[in-house]
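Okay, here's what each chain looks like letter by letter:
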Amino acid sequence: MTQSQTRQHGPTLDESTLQELARVVAGDDDLYYRRGFEIVAFLKRAGWQEVPEYDGQYRREWAAALLMERRDQTGEIVKVLLRLADPREYLDEPELLGEVVAAVNTFLIHEGYRLENPGGSARLVPCDPALAHPAHYGASELMVVMTDLIADEAMAELLQWRLDEARTCYANGAHVAAIIMLGSLMEGVLLCTVVERDASLLGRDTEDSITLDRLIKACHRAGWIGADAEKFSHELRRYRNFVHPNAEARQNHRPDRDTLAICWQVVNAALNDLAETHPDRAR
């Protein structure tokens, strides 16, 4: 959604959301503080016309009343949101911009939107409200610790970073990026498993040339991952190839949250199998 589209088709926010928005506009709770007349000036900078003068009442309640008056004028509310994410509002305290945007997103996500300001250009983008409760989905279920699977401590740490980055992508609704990162994680774990458990399975390949397809098959033939993990790991591999835009275009399918949730379960199953078949457990 472009900024111009968002201005025309913004969300009609719930009353409780507008109350929280008023809190941020007023600058309560250690946010960017605005006095009454400064709230008026802020709304004018946001593009509001005919803003009444501040009448002396409690700032947050007054701001909430103004927002409620224009609740159905979604473009007017979007203007306020975008101005809150505008770096020009915080020239005297630029470090507060991130805090304000984060504060807005904690409640705006429930409406299916979030604020972003890449490169200083504020925009409002749709997102999945379920991301407000990430613990309910697959990312939280991936509990394997890399050091339990891989002896090479440096590689285990690197792969743990890949896992953390996948979680970051997940939490921000970057479904394709998260899937690509999970595919990278899977490739790294399987390669380390083969090298550490039985390097002869590399065959004529080297560590740098062996493909994820061959790694999945080798680990299954060795009995380290089950048939279900092997089958669906190949699906993850195909989605991982969406790192190449042409591969995604040929599939004519854009992965969504459900696709990502399935990929999380695939990785979870494969890593659990690898943990169960670890040589230390067989002793």
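Since we're looking at a predicted model, the values are computed, not measured. (Residues numbered from 1 in each chain as written. Predicted model: local features only at pLDDT ≥ 70, side-chain atom pairs only at ≥ 80, totals over all residues. Heavy atoms only, no water.)

**A closer look at helix α3 (residues 36-45)**
Then, number 1: Residues of α3 that are buried include every one of G36, I39, V40, F42 and L43, and no others. Taken down its axis, α3 places every buried residue within 160 degrees of arc, on the same side.
Then, number 2: Those residues of α3 that are buried lie in contact with α2 (15-26), α4 (59-69) and α5 (74-84).
Then, number 3: Positive phi appears at G47, one or two residues downstream of α3, with a value of about 110 degrees. (Buried < 20%, exposed > 50% of the residue type's maximum accessible area, 1.4 Å probe, protein only. Helix = DSSP H or I, 4+ residues; strand = E, 2+ residues; numbered from the N terminus. Arc of directions from axis to C-beta. Contact = heavy atoms within 4.5 Å.)

**A look at the pattern of salt bridges**
Then, number 1: Tallied over the entire structure, the rule returns 18 salt bridges.
Then, number 2: Ionic pairing is found between R70 and E76, a salt bridge with its closest N-O pair at 2.8 Å. For the pair shown, R70 and E76 are each scored as buried.
Then, number 3: Across the pair R88 and D86 runs a salt bridge whose closest N-O atoms are separated by 2.7 Å.
Then, number 4: On the basis of relative accessibility, which here comes to 56%, the residue R88 falls in the exposed class.
Then, number 5: A single salt-bridge network, built from bridges that share partners, covers R34, R45, R83, D86, R88 and E89. (Salt bridge = Lys/Arg side-chain N within 4 Å of Asp/Glu carboxyl O.)

**Notes on the packing of helix α8 (residues 175-198) against helix α9 (residues 212-221)**
Then, number 1: Direction vectors running N to C along α8 and α9 enclose 50 degrees, while the axes themselves pass 10 Å from each other. One way to sum up the angle between α8 and α9 is to call them oblique. For the pair α8 and α9, the crossing hand works out as left-handed. For the pair α8 and α9, the contacting residues are G183, M186, E187, L190, L191 and V194 in the first and L212, L215, I216 and C219 in the second.
Then, number 2: Broken down by class, the residue content of the contact of α8 with α9 amounts to eight nonpolar, one polar and one charged. (Axes fitted to C-alpha atoms, helices over the stretch in contact; angles between N-to-C directions. Parallel < 35°, antiparallel > 145°, perpendicular 65-115°, else oblique. Left-handed = near helix turned anticlockwise from the far one by under 90°. Nonpolar A, V, L, I, M, F, W, Y, C, P; charged D, E, K, R; others polar.)

**Remarks on the confidence of the model for the protein chain**
Then, number 1: Scored by pLDDT, the protein chain has a mean of 86; 88% of the residues are at 70 or more.
Then, number 2: Under a pLDDT of 50 for its full length, residues 134-140 has, in the predicted model, twelve contacts with residues more than four places off or in other chains. (pLDDT = per-residue confidence, 0-100.)

**Things to note about helix α7 (residues 153-171)**
Then, number 1: Along its 19 residues, α7 runs 27 Å from first to last C-alpha, staying within 8% of the 27 Å computed at 1.5 Å per residue.
Then, number 2: Those residues of α7 that fall on the buried side of the exposure criterion are A156, L159, L163, A166, C169 and Y170. Around the axis of α7, the buried residues are gathered within 135 degrees of arc, so they sit on the same side. Exposed residues on α7 whose side chains face more than 90 degrees from its buried face are E153, A154, E157 and W161.
Then, number 3: Among the structural elements, α8 and α12 (257-276) are those in contact with the buried residues of α7.
Then, number 4: With a side-chain oxygen positioned 3.1 Å from the backbone nitrogen of A154, the residue opening α7 is D152.
Then, number 5: Positive phi appears at G173, one or two residues downstream of α7, with a value of about 75 degrees. (Expected span 1.5 Å × (residues − 1). Polar contact = N/O pair within 3.5 Å; in protein donor to acceptor, adjacent residues only side chain to side chain.)

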